[in-house]
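Structure assessment
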Amino acid sequence: LTLTIGETLSFNNGIYWELGGRRVGSGLLPPQVGETTDYLVVWALTQATGDFETVTIESSLPPGVSFVSETDVQEGSLDFFSDSKNLKWVINNFDKSILPTTASFVIRLEPGEKDRGQAMTLLNPTTVTAKNLEEVIVRSKLLKTSDVISSKSEPIGIVE
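Figured I'd write up the structure that's included with this text.

Conventions adopted
- Residues numbered from 1 in each chain as written.
- Predicted model: local features only at pLDDT ≥ 70, side-chain atom pairs only at ≥ 80, totals over all residues.
- Heavy atoms only, no water.
- Salt bridge = Lys/Arg side-chain N within 4 Å of Asp/Glu carboxyl O.
- Helix = DSSP H or I, 4+ residues; strand = E, 2+ residues; numbered from the N terminus.
- Buried < 20%, exposed > 50% of the residue type's maximum accessible area, 1.4 Å probe, protein only.
- Polar contact = N/O pair within 3.5 Å; in protein donor to acceptor, adjacent residues only side chain to side chain.
- Contact = heavy atoms within 4.5 Å.
- Phe/Tyr/Trp six-rings, centres within 6.5 Å; stacked < 30°, edge-to-face > 60°.

1. Overview of the pattern of salt bridges
Tallied over the full model, the rule gives 5 salt bridges. For Arg108, the salt bridge goes to Asp38, with nearest N and O atoms at 2.7 Å. Taken together, the residues Arg108 in strand β11 (residues 101-109) and Asp38 in strand β6 (residues 37-48) connect sequence positions 70 residues apart. Glu113 serves as the salt-bridge partner of Arg116, at 2.7 Å between the closest nitrogen and oxygen.

If you want it as C-alpha cells, here you go:
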C-alpha cells in the first residue's frame, strides 16, 4: 500500500512472508487454527519534497496478533506499547533524514477456531502525521492476511 501526502511525502506499508525471493516469515502459510505464523512488516518513507520537522507513523495490532520484535529501524525510534498494542515510529529532525528510510518489525498471528475460513486483520489502519508549519494527517486501510506478499501462487490469506 502506497500513500502520498499531497505532493510532499510518500509512505509504503507492506506485510511480507517472502521478500525479494527470500523467506522472511515463518510458520504455516496459509495460516492454520492453533498454529502461529510470523510476518515481516515494513514501513517505508520513500520520498519527500516537503520540509517536515517530525513524521510520526502509528498503528495497532488487532486481537490474535502479537508483536515479536523490531528488526531494523534506519531513522528515529519504533516503540511498541504492550498494554494498548500500539506501534509508533517517530522521526524527529526529519528534514535531515536520508530517504528512503524504513522501519521493520515481526508480528505473529495465532488464529482461533472462530477465524477458520476467513482472512484476518494483521495490522489496523495506519496513520501518518507530518508536521512543520502545518500538520498533515493521512490514514491508510487495515492490512489483512489476504494482503500479505509472497511468491506462492495459491491463495495464502484464508485461515485453514
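2. Brief notes about the side chain of Ser60
Mapped onto the fold, Ser60 is located in strand β7 (residues 54-60). A residue is classified by how much of its surface remains accessible, and Ser60, at 18% relative accessible area, is buried. Within the structure, the side chain of Ser60 is placed 3.0 Å from the side chain of Asn124, a separation counted as a polar contact. Once residues within four sequence positions are removed from consideration, Ser60 is found in contact with Lys85, Asn86, Leu123 and Asn124.

3. Looking at the side chain of Asp38
Under the relative-accessibility criterion, Asp38 is labelled buried at 11%. Reaching out from Asp38, the side chain makes a polar contact with the side chain of Arg108 at a distance of 2.7 Å. The contacts of Asp38, once residues within four sequence positions are left out, are Trp17, Gly25, Ser26, Val68, Val106, Ile107 and Arg108.

4. Quick word on the environment of Leu133
As for its position among the elements, Leu133 is in the loop between β13 (127-131) and β14 (135-139). The exposure class assigned to Leu133 is exposed, which follows from its relative accessible area of 84%. It is 49 Å that separates the C-alpha atoms of Leu133 and Glu113, two residues lying 20 residues apart in sequence.

5. A closer look at the packing of aromatic side chains
Scanning all chains against the criterion turns up 4 aromatic pairs. With a centroid separation of 5.2 Å and 80 degrees between ring planes, the pair formed by Trp43 and Phe105 is classed as edge-to-face. Taken together, the positions of Trp43 in strand β6 and Phe105 in strand β11 put the pair 62 residues apart, joining distant regions of the chain. Per residue, the accessibility class of Trp43 equals that of Phe105, and both read buried. Taken together, a centroid distance of 4.6 Å and an interplanar angle of 10 degrees make the contact between Phe67 and Phe80 stacked. Taken together, the positions of Phe67 in strand β8 (residues 65-73) and Phe80 in strand β9 (residues 77-81) put the pair 13 residues apart, joining distant regions of the chain.

6. A short note on the environment of Glu154
Here Glu154 shows up in the segment after β15 (143-144). A relative accessible area of 42% places Glu154 in the partly exposed class. Between the C-alpha atoms of Glu154 and Asn92, which are 62 residues apart in sequence, the distance is 42 Å.

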